[in-house]
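Each chain is listed here by its residues.
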Amino acid sequence: MDINILKSKKPKILITGANGLLGQKIIKEILIEGKYEAIATGRGDCRLPTEWGGYVYEEMDITKPLEVMAIFKAYSPQYVIHAASMTDVDRCEVNKHTCFEQNVTATLNIMKGCEMTKSHLIFISTDFIFDGKNGPYDEQAKPNPLNYYGKTKIETEIEVQKYTHNWTIVRTNLVYGIAHDMSRSNIVLNRTKNLA
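Now for a quick tour of the structure. Keep in mind that this is a model prediction, so the values were computed, not measured.

Our next topic: helix α5 (residues 96-117). With 22 residues, α5 should reach 32 Å at 1.5 Å per residue; the first-to-last C-alpha distance of 31 Å fits that figure. For α5, the principal kink sits at Gln102 and spans about 30 degrees. Taken together, the buried positions of α5 are occupied by Cys99, Gln102, Asn103, Val104, Ala106, Thr107, Asn109, Ile110, Met111, Gly113, Cys114 and Thr117. Among the structural elements, β1 (12-16), α3 (65-75), β4 (79-82), α4 (89-94), β5 (120-126) and α6 (148-160) are those in contact with the buried residues of α5. In the segment just after α5, Lys118 is the residue with positive phi, at about 55 degrees.

Here you go:
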């Protein structure tokens, strides 16, 4: 636990999935803006660049309720950006139990923490909740996921909409790029590698 963050007058943002591509990009933008204290969380050791500084990293497995509640109790964040998710669509089809646990059950754990601290929950969802036949989609478009990953994300969106405090759902399109110490590739890097 970082005492300086606890004493800071800046609002605190907790980011799940901070070791991943999207999580790293979010942390970097928060640090550049400089208006918030960043609490980066992820499974395992921190893979964020140490030279960035200005953030605290806490190991947190979002599938374990006690770990989640301990971090929320320690930091009481005003905002939570929930970017952690099992996003490999093929793996989600093969490992449905794990996909459900990491995408739905884990989000319910995060929501319990948010409920305790009355945090504004920002949930990162996906356009995979749609079948792609009638885009572009607006907020009222009817979901029709074609794969299990999309099904877990729409199920989670439904749960997030029951949250009694402020919430936001962000439906991303294709997320790609390069991050520090990446644990896996993405579609653009795969294609680039295949061209070489």
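It is worth spelling out unusual backbone geometry at this point. Each neighbour pair has its own omega, and for Gly135 with Pro136 the value is -5 degrees, a cis peptide bond. When you line up the elements, Pro136 lands in the loop between β5 and α6. Of note in the backbone geometry, Ser76 takes a positive phi value of approximately 45 degrees without being a glycine. With respect to the element layout, Ser76 can be found in the loop between α3 and β4. Classification of Ser76 by relative accessible area gives partly exposed; the value is 38%. For Lys118, which is not glycine, the phi dihedral falls at a positive 55 degrees. Within the secondary structure layout, Lys118 lies in the loop between α5 and β5.

This part is about the nonpolar core. In this structure, Leu14, Met60, Phe72, Val80, Ile110, Cys114 and Leu121 are the most contacted members of the largest nonpolar core, which totals 19 residues. Those elements giving two or more residues to this core turn out to be α3, α5 and β5. With near-sequence residues (within four places) excluded, Cys114 lies in contact with Phe72, Val80, Ser119, Leu121 and Tyr163. In terms of nonpolar packing, the next biggest core, distinct from the first, is built from 15 residues, Ile15, Ala38, Tyr55 and Tyr57 among them.

A word on the packing of α3 against α5. Two numbers describe how α3 lies on α5: the axes approach to 9 Å, and their chain directions differ by 30 degrees. Judged on the interaxial angle alone, α5 and α3 are roughly parallel. Between α3 and α5 lies a crossing of right-handed hand. Each of Pro65, Val68, Met69, Phe72 and Lys73 in α3 lies in contact with α5, whose residues at this interface are Asn109, Ile110, Lys112, Gly113, Cys114, Met116 and Thr117. Residues that form the contact of α3 with α5 fall into these classes: seven nonpolar, three polar and two charged.

Let us now look at the pattern of salt bridges. Applying the stated criterion across every chain yields a total of three salt bridges. The residue Glu33 makes a salt bridge to Lys35 at a minimum N-O spacing of 3.6 Å. By relative accessible area, which is 45% here, Glu33 ends up partly exposed. The salt bridge partner of Glu159 is Lys162, with a shortest N-O separation of 3.3 Å. The class of Lys162 is exposed, set by a relative accessible area of 55%.

Tracing the backbone through its elements, the reader meets Gly23 in helix α2 (residues 21-33). Relative accessible area serves as the criterion here: at 1%, Gly23 is assigned to the buried category. Sequence spacing of Gly23 and Ala84 is 61 residues, and the spatial spacing of their C-alpha atoms is 7.6 Å. Contact partners of Gly23, with chain neighbours within four places excluded, come to Ile15, Gly17 and Ala18.

Describing two packed helices takes the angle between their axes plus the distance from one axis to the other. As a packed pair, α5 and α6 sit with axes 10 Å apart at the nearest point and diverge in direction by 15 degrees. Classified by the interaxial angle, the pair formed by α5 and α6 is roughly parallel. The handedness of the crossing between α5 and α6 comes out as right-handed. The segment α5 lies against α6, with Lys96, Cys99, Phe100, Asn103, Val104, Thr107, Leu108 and Met111 engaging Tyr148, Tyr149, Thr152, Glu155, Thr156, Glu159 and Val160. Residue composition of the contact of α5 with α6, grouped by class: eight nonpolar, four polar and three charged.

What counts and how
Residues numbered from 1 in each chain as written. Predicted model: local features only at pLDDT ≥ 70, side-chain atom pairs only at ≥ 80, totals over all residues. Heavy atoms only, no water. Helix = DSSP H or I, 4+ residues; strand = E, 2+ residues; numbered from the N terminus. Expected span 1.5 Å × (residues − 1). Bend = angle between axes of the 7 residues up to and from the residue. Buried < 20%, exposed > 50% of the residue type's maximum accessible area, 1.4 Å probe, protein only. Contact = heavy atoms within 4.5 Å. Core = buried A, V, L, I, M, F, W, Y, C linked by side-chain atoms within 4.5 Å. Axes fitted to C-alpha atoms, helices over the stretch in contact; angles between N-to-C directions. Parallel < 35°, antiparallel > 145°, perpendicular 65-115°, else oblique. Left-handed = near helix turned anticlockwise from the far one by under 90°. Nonpolar A, V, L, I, M, F, W, Y, C, P; charged D, E, K, R; others polar. Salt bridge = Lys/Arg side-chain N within 4 Å of Asp/Glu carboxyl O.

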